[in-house]
Amino acid sequence: MCGIVGYTGKQAAVPILLNGLERLEYRGYDSAGVAVVSPEKGLQIEKCKGRLQVLRDKLAALPPLTGSTGLGHTRWATHGEPNDVNSHPHVSQNGQVAVVHNGIIENYVEIKEFLLHKGVAFRSDTDSEVVAQLLEYTFNNCADIMDAVYQVLDRLEGAYALGILCVDAPDTLIAARKDAPLLLGYGDGESFIASDATAIIAHTRDVAYMEDGEVAVLTADGIRVYDEYRRPIEKEHHLIEWDVSAAEKGGYAHFMFKEIMEQPEALRRTISPRLRDGEIVFDELSLTDEDLRRFDRLYIVACGSSYHVGMVGKYDLERFLRMPVEVCLASEFRYSEPLVDDRSLVIVISQSGETLDSLAALRKAKSLGGYILSIVNVVGSSIARESDSVLYTWAGPEIAVATTKAYSTQLALLTMLGLYMARRLGRADSAEYAAVTAELALLPEKLQTVLASADAYQYLASLYFNRDCVFFIGRNLDYALGLEGSLKLKEISYIHSESYAAGELKHGTISLIEQGTLVVALATYGPLFDKAVSNIVEVKARGAEVVALTTDSLRDRMEKIATHTLSVPDTHPALQPNLGVVPLQLFAYYIALQRGCDIDKPKNLAKSVTVE
Ligand code: M6R
């Protein structure tokens, strides 16, 4: 949700900012802007509604913005429609400061009224502009810009990652963070800020993650960081393990397709280090045996696709652990009265590790005494840092808004976690443990064979891309899998789709099935295959066309019933959704492609949802 990049050094800032914004565009793409400051020209700003390319074209037609210190921003609008004026950076009334902001200033109305009374003229409808205006107003009444920054931060309520430029300090960039991601990049004679590492990875892999309440002052010579009381602090440095190619399309038409294709490797990286001689090993877990025995209830809290991982996990984990598992939408959990206490294990799942609802739910669960174990992809993210234990998915950077490889790796890790806990608690059936671990090792290879059938999914997409409504049905694990298949489709192709537990159809939804309705029937869960067949027959009897997904061993039986049959290799039932999800991802991808949709950047969405 909004991307920030900032640079100060010896090079021209604008090309570095634009390249950084290109990699951050997935975080928001309503508008984009840059600001640079130089001793000769002061603040120079260009910003406009639309994709980054619109800004690039605009800049190309203008005399260059000169300066070696600057900020860039790509916006996902919250307050104020996407237009040129509401784009960032925002400049104060007299042009002394420019600000980029990610997050929401909750008390902006009150601050705006205060400043209006003081005669400050506002230009935009955004909450963010109040930061720039309040900074200039405060700066005019105090000794230096840092005094002003601390006074302003003291007044702000809500969430922010801020980048600040001031004409009085043209070689300095100031950054502040509360509840929105921001990292610092240490270069050779240059310093950076960014919402995530993809924006600066071409320049440095040496980063530090800002914590809430911290303020950083960046110059070409280095970065000084202060805590909320303005005491200097030493930051721990981290080395980003992947390189710039991981954040590029590498010849693929879309990031989503590239990331789908990367799934075997992502799974291998996530699974292999944790599977030794047939045993699941989590060196990074600090859970003691006493902790494990204490838990009598497990919560899985997440949003979107990560929540769908939890839905699959519930079936597996309850069976492995014989313990109640509740799967909760983070946005609901945070405002409910969950029965979490010190006997609860709360698993928070998040690709970005920055989803605000998930972070708020984590904090709530923690305040109630729960043990927080997170499954996160982005190293050093807020959710990772605030958890008692973290299991990282090693999926690499995921750029497409629609998640694919993050979902797959989360799913594998959650299943492994359930089985691992069951083993330590003495509740695992040893034959099943051996069967699942053996299949886990084979998962990347089997997934590769699913990817090899991409043509079949493309063909089906060519038959059905012009439908305006699709139903996904399934039972048990297939029901949970259908939720993800349906989300993928609607997210990127804008086709209305619903996912139903197949047994629920006859309680209402079946009235929507008519001649030609497309039903995607999921029947990969062997134990309930016959039940799935009955549901397919029911919808077919009412005119539905059925694309069925099953396993290779059940394919012959399905072909006699469904309109079209797809199959994936057989594996242990607990892992079957890991293979089943791939045809659904590719089906959605090819449909969106046929419909000419902007696959990597679907309308109204953003990758990392750091607002409520
Ligand atoms: O970063 P997170 O996993 O916390 O994100 C949660 C959802 O916003 C995310 O899964 C979203 O639903 C995806 N765009 C779905 O493809």
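If you're wondering where the values come from, they're calculated on a predicted model, not measured in any experiment. (Residues numbered from 1 in each chain as written. Predicted model: local features only at pLDDT ≥ 70, side-chain atom pairs only at ≥ 80, totals over all residues. Heavy atoms only, no water.)

(A) Geometry of the site of the ligand. Close contacts around the ligand come from 14 residues, with S306, S350, S352, T355 and E491 the closest. The separation between an oxygen atom of the ligand and a polar side-chain atom of S352 is 2.7 Å. For the ligand, whose unbound accessible area comes to 410 Å², protein coverage reaches 90%. Looking at the shell around the ligand, the elements that each hand over two or more residues are α9 (304–321) and α16 (477–493). Residues that form the shell around the ligand fall into these classes: four nonpolar, eight polar and two charged. Here the shell around the ligand spans two domains, and each of domain 2 (249–451) and domain 3 (454–594) adds at least three residues to it. (Near = heavy atom within 4 Å. Polar contact = N/O pair within 3.5 Å; in protein donor to acceptor, adjacent residues only side chain to side chain. Areas by Shrake-Rupley, 256 points an atom, 1.4 Å probe, with all protein chains shown as cover. Helix = DSSP H or I, 4+ residues; strand = E, 2+ residues; numbered from the N terminus. Nonpolar A, V, L, I, M, F, W, Y, C, P; charged D, E, K, R; others polar. Domains from an automatic or database assignment.)

(B) Region of the structure containing the side chain of E432. Position of E432 relative to the elements: it lies in helix α14 (residues 430–451). Owing to a relative accessible area of 18%, E432 belongs among the buried residues under this scheme. Reaching out from E432, the side chain makes a polar contact with the side chain of H572 at a distance of 3.3 Å. In this view, E432 contacts R319, F320 and H572; residues no more than four positions away in its chain are not counted. (Buried < 20%, exposed > 50% of the residue type's maximum accessible area, 1.4 Å probe, protein only. Contact = heavy atoms within 4.5 Å.)

(C) Quick look at the packing of aromatic side chains. This model, assessed by the stated rule, comprises 11 aromatic pairs. Aromatic side chains F471 and Y500 sit 6.4 Å apart centroid to centroid with 40° between the ring planes, which places their arrangement in the tilted category. Remark: Y500 occurs in strand β24 (residues 496–501) and F471 occurs in strand β23 (residues 469–474); sequence separation between them is 29 residues. Members of the aromatic cluster, each reached through a chain of ring pairs, are Y252, F257, Y589 and Y590. (Phe/Tyr/Trp six-rings, centres within 6.5 Å; stacked < 30°, edge-to-face > 60°.)

(D) Examining the pattern of salt bridges more closely. All told, the structure shown has 35 salt bridges when counted by the stated rule. Among the salt bridges present, the one from D291 reaches R294, with a minimum N-O distance of 2.8 Å. Placement of both D291 and R294 in helix α8 (residues 289–294) is noted, with a separation of three residues, approximately one turn of the helix. Note that E432 and R319 form a salt bridge whose closest N and O atoms lie 3.0 Å from each other. Taken together, the residues E432 in helix α14 and R319 in helix α9 connect sequence positions 113 residues apart. On the accessibility criterion, R319 (36% relative accessible area) is partly exposed. Salt bridges sharing common partners tie together R177, D179, D212, R363 and E386. (Salt bridge = Lys/Arg side-chain N within 4 Å of Asp/Glu carboxyl O.)

(E) Structural view of α9. For α9, built from 18 residues, the straight-helix expectation of 26 Å at 1.5 Å per residue is met to within 8% by its first-to-last C-alpha distance of 25 Å. Residue G313 marks the point of greatest curvature in α9, where the axis turns by about 35°. Taken across its 18 residues, α9 has 13 buried, putting it largely inside the fold. Phi for R322, located one or two positions after α9, is positive at around 50°. (Expected span 1.5 Å × (residues − 1). Bend = angle between axes of the 7 residues up to and from the residue.)

(F) A look at the sheet that holds strand β19 (residues 325–329). With parallel pairing, five strands are arranged side by side in an open sheet as β19-β18-β20-β21-β22. Of all the strands in the sheet, the pair left with one neighbour each is β19 and β22 (389–392). Sheet twist, expressed as the average angle between the axes of neighbouring strands with direction ignored, equals 20°. Direction of pairing for strand β20 (residues 344–350) relative to strand β21 (residues 371–376): parallel, over a ladder of six bridges. Looking across to β21, one finds that S350 is bridged to V376. The sheet strands contacting helix α13 (residues 405–424) are β18 (297–302), β20, β21 and β22, and the helix crosses β20 at an angle near 160°. (Pairing = 2+ DSSP bridges. Axes fitted to C-alpha atoms, helices over the stretch in contact; angles between N-to-C directions.)

(G) Focus on the pairing of strand β13 (residues 222–226). Relative to β13, strand β12 (residues 215–219) is paired through five bridges, and the arrangement is antiparallel. Of the residues in β13, the one forming a bridge with V215 is Y226. When β13 meets strand β14 (residues 232–233), the two strands line up antiparallel, connected through two bridges. Paired with V225 across the bridge in β14 is I233. Between β13 and β14, which pair antiparallel in sequence order, lie five residues; one of them, R230, sits at a positive phi of approximately 70°.

(H) Focus on a negative patch on the surface. Taken together, the side chains of E106, E110, E113 and E157 make up a negatively charged region of the molecular surface. Checked against the element boundaries, E110 lands in helix α3 (residues 108–117). On the basis of relative accessible area, E110 is assigned to the partly exposed category, the value being 47%. (Patch = residues over 30% accessible without salt bridge, like charges linked within 9 Å, V, L, I, M, F, W, Y side chains within 5 Å. Lys, Arg positive; Asp, Glu negative; His and termini not counted. Charge placed at Lys NZ, Arg CZ, Asp CG, Glu CD.)

(I) Just the side chain of K235, in detail. Secondary-structure assignment places K235 in the loop between β14 and β15 (238–239). Side-chain polar atoms of K235 contact the backbone oxygen of Y209, separated by 2.7 Å. A polar atom in the side chain of K235 sits 2.8 Å from the side chain of E214. Sequence-distant contacts of K235, that is, excluding residues within four places in its chain, are made with Y186, A208, Y209, M210, E211, E214 and V225.

(J) Fine view of α16. Along its 17 residues, α16 runs 24 Å from first to last C-alpha, staying within 8% of the 24 Å computed at 1.5 Å per residue. Of all 17 residues in α16, 14 are buried, a share of seventy percent or more. Positioned one or two residues after α16, Y494 has a phi angle of 65°, which is positive.

(K) View of the sheet that holds strand β11 (residues 206–209). Taken together, the eight strands give an open sheet; going across it, the order is β3-β2-β4-β1-β10-β9-β11-β15, and neighbouring strands pair in antiparallel fashion. Where the open sheet ends on each side, the last strands, each with one partner, are β3 (42–49) and β15. Relative to strand β4 (residues 69–75), strand β2 (residues 31–38) runs antiparallel, the two sharing seven bridges. Within β4, the residue paired with V34 across the bridge is G72. In the packing of helix α1 (residues 13–24) onto the sheet, the strands contacted are β1 (3–8), β2, β4 and β10 (191–194), and the crossing angle to β1 comes to about 155°. Against the sheet, helix α2 (residues 52–60) makes contact with β2 and β3, and its axis sits at roughly 130° relative to β3, the strand it touches most.

(L) Structural view of the domain arrangement of the protein. Assigned domains of the protein: these are domain 1 (3–246), domain 2 (249–451) and domain 3 (454–594). A straight line from the C-alpha centre of domain 1 to that of domain 3 covers 46 Å.

(M) Seen up close, the nonpolar core. Counting residues in each nonpolar core, the largest one holds 94 residues, and the members touching the most others are L298 and I347. Mapped onto the domain boundaries, this core takes at least three residues apiece from domain 2 (249–451) and domain 3 (454–594). Contact partners of L298, with chain neighbours within four places excluded, come to L317, L321, M323, P324, V325, E326, L345, I347 and M421. Judged by nonpolar contacts, the second largest core, of 32 residues, contains Y108, Y150, V215 and Y226. (Core = buried A, V, L, I, M, F, W, Y, C linked by side-chain atoms within 4.5 Å.)

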